[in-house]
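Structural overview
Here's the letter readout for the chains.
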Amino acid sequence: MTASDLPEKEQAAPGSKHLGWALVLICVAQLMVVLDSTIANIALPYIGTDLKIDASNLSWVVTGYALAFGGLLLLGGRLGDLYGRRRVFMIGVALFAVASALGGIAQNEAMLLGSRGLQGLGAALASPTALALITTTFPAGPARNRAFSVFAMMSGVGAAIGLILGGWLTDLDPNWGWRLTFLINVPIGLGAAFFAPRLLPDTDHHAGTLDLPGAVLGTGGLLALVYGITRTSNVDPDTISAVNPNGTSYGWGDPLALTAIALGVVALIAFVFAETRVKSPLMPLSIFASRTRAVAFVSMMITPAAMFAMFFFLSLYVQNIMGYSPLKAGFAFLPFCVGMVFGATLSSKLIAKMDPRFLSGTGTLIAGFALFMFSRLEFGSVNYWTDIAPYIVLMSLGMGLTFVPMTLVAVHGVRTQDAGIGSGVLNTMQQVGGALGLATLSAVAAHFTTSKLGELMTANPTSQLNGPMAFADGATHAFLVGAFMMWAASLIVWLLLNVKHTELAGDVPEGVHVG
């Protein structure tokens, strides 16, 4: 999208003469942040071999990023509100680029894992400020709807693009390919930092001081919670090795995981109490006062949980059951990108005529149906073009119809000075929801895999198919539970979301003047 694609009056919107290019910049940065959640997954075996990382620690290449990203989002959003979103956005993308360079040239385990944590910090600064910049830069109505649809597309297709790009770069050179999955971010991040002051408006620096007790409790609580949840998703390799190829054995019975979750919950409860007693809270609790906004936060916690679990289990299914190579497995998700683009574009046009409840309610029903069809995959007789590809498209179409209106509702009515924290809460819900969903569905998969493996070993203990058949049974049950999660989100939307599309069209944040 370029500036010429927008009507003349939209190009002259507040704060920027280059709205189209500003949107391109914001969305490229968001794509970089999201795809980094999955781009290194396929390269993990090569990373472990090259840097001699123990199998039990290899999963931290992925979880270290998720931990820092999810735990620091609230802080990143508030820093943008207080000290200027463009400034914090620039710092975030520049830090992400530097951290990516360190990861790309890493010589040992500590250097790589440290760089991943630093990447997560950069992402936590850049992502909520990027969404807030859209909210405060684009005028309410078609311009903002279109901007949110493109942003939602980047958020949705990023994971799929990460799998494709990770497989391609790894296949380029088994020795250097994994380093390219990090180094590719360097020019993107530095370019975003360079163009930000030229294309993005300099948002106000709002009055207030950083709530340090809230920052410690909120960030510490989220870090502990995300750590504990992530640790539980590592299940017994002897019974579900395909789900956990890295050899770590934790699960929901792990004392450290349960302790971390308990500490996280206690810290977050203390955080809520603390926020009611400070003048400039890290997270104004008034942001939850709106029932419609609360519904958006809850639905945007559940739906990404089911979506990312779909990516996880289906990518393993096509590799371990259907024999796909890493690159072919990545390209198997290409239809998701196509469906997401179509769904988000359609949603951005329909939101001007239809209430968000109808779009998101329908989208979650469609996505739930796609997950249900994945639960019916039969071992040994799966055809990609008839049994998988159509439902990948349906899943992405449903997500496109859901993400755009729910993002609009989540930031609806939020004061300009709180736009960053509103975006931070939304991003936090997605990250924590994704971690919780994956942990829960991994536990489901482990249970049914263990049970099925016991049956198969009793019947034929020497069969080479016992492991794959047991994993397939666990994965399909995880898909089924994911479908009901998605339908639960749909029920919440249909019953509780009552904001009208006309309200969204007239939603102009305080302090923003259109025209």
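Residues numbered from 1 in each chain as written. Predicted model: local features only at pLDDT ≥ 70, side-chain atom pairs only at ≥ 80, totals over all residues. Heavy atoms only, no water.

1. Section: the overall build of the chain
The number of helices and strands found in the chain is 21 helices and zero strands. In the chain, of all internal contacts separated by at least 6 residues, the share reaching a separation of at least 24 is 83%. As displayed, the chain has an accessible area near 19,300 Å², and 67% of this comes from carbon and sulfur atoms. (Helix = DSSP H or I, 4+ residues; strand = E, 2+ residues; numbered from the N terminus. Contact = heavy atoms within 4.5 Å. Areas by Shrake-Rupley, 256 points an atom, 1.4 Å probe, with all protein chains shown as cover.)

2. Let's talk about unusual backbone geometry
In this structure, Lys52 takes a positive phi of about 55° despite not being glycine. Judged by its relative accessible area of 71%, Lys52 is exposed. (Buried < 20%, exposed > 50% of the residue type's maximum accessible area, 1.4 Å probe, protein only.)

3. Some remarks on helix α14 (residues 291-320)
Compared with the 44 Å implied by 1.5 Å per residue over 30 residues, the 44 Å span of α14 between its first and last C-alpha is a close match. The element α14 is extensively covered by neighbouring structure, given that 22 of its 30 residues are classed as buried. (Expected span 1.5 Å × (residues − 1).)

4. Some remarks on the packing of helix α16 (residues 334-350) against helix α18 (residues 384-410)
Between α16 and α18, the shortest axis-to-axis distance is 7 Å and the interhelical angle comes to 35°. By crossing handedness, the relation of α16 to α18 is classed as right-handed. On α18, the residues touching Pro335, Phe336, Gly339, Met340, Phe342, Gly343, Ala344, Leu346, Ser347 and Ser348 of α16 are Tyr384, Ile392, Val393, Met395, Ser396, Leu397, Met399, Gly400, Leu401, Phe403, Val404 and Pro405. Along the lines of polarity and charge, the residues of the contact of α16 with α18 split into 16 nonpolar, six polar and no charged. (Axes fitted to C-alpha atoms, helices over the stretch in contact; angles between N-to-C directions. Left-handed = near helix turned anticlockwise from the far one by under 90°. Nonpolar A, V, L, I, M, F, W, Y, C, P; charged D, E, K, R; others polar.)

5. With respect to the pattern of salt bridges
Side chains that differ in sign of charge can pair as their charged atoms come close. Following the criterion strictly, the structure yields five salt bridges and no others. When the shortest N-O distance is used, the salt bridge between Arg78 and Asp81 registers 3.2 Å. Of this pair, Arg78 and Asp81 both sit in helix α5 (residues 60-83), three residues apart, roughly one helical turn. The pair Arg78 / Asp81 is uniform in exposure class, with both members buried. Across the pair Arg85 and Asp81 runs a salt bridge whose closest N-O atoms are separated by 2.9 Å. On the accessibility criterion, Arg85 (1% relative accessible area) is buried. (Salt bridge = Lys/Arg side-chain N within 4 Å of Asp/Glu carboxyl O.)

6. With respect to the packing of aromatic side chains
In total, this model carries 17 aromatic pairs according to the counting rule given. For the pair Phe374 and Tyr391, a centre-to-centre distance of 6.4 Å together with 85° between the ring planes defines the contact as edge-to-face. Here Tyr391 lies in helix α18 and Phe374 lies in helix α17 (residues 356-374), a separation of 17 residues in the sequence. Both residues of the pair, Phe374 and Tyr391, count as buried. Taken together, Phe312, Phe313, Phe369, Phe374, Tyr391 and Phe479 form an aromatic cluster joined through their ring pairs. The side chain of Arg357 reaches across the aromatic face of Phe358, ending 5.1 Å from its centre. (Phe/Tyr/Trp six-rings, centres within 6.5 Å; stacked < 30°, edge-to-face > 60°. Lys NZ or Arg CZ within 6 Å of the ring centre and 35° of its normal.)

7. Points about the environment of Pro213
Structurally, the position occupied by Pro213 is in helix α11 (residues 212-232). Judged by its relative accessible area of 52%, Pro213 falls in the exposed class. Residues Pro213 and Phe271, 58 residues apart in the sequence, show an inter-C-alpha distance of 8.1 Å.

8. So, helix α6 (residues 85-104)
Helix length check: α6 (20 residues) gives 28 Å between terminal C-alpha atoms against 28 Å at 1.5 Å per residue, within 8%. Those residues of α6 that sit buried are Arg85, Arg86, Val88, Phe89, Gly92, Val93, Phe96, Ala97, Ala99, Ser100, Gly103 and Gly104.

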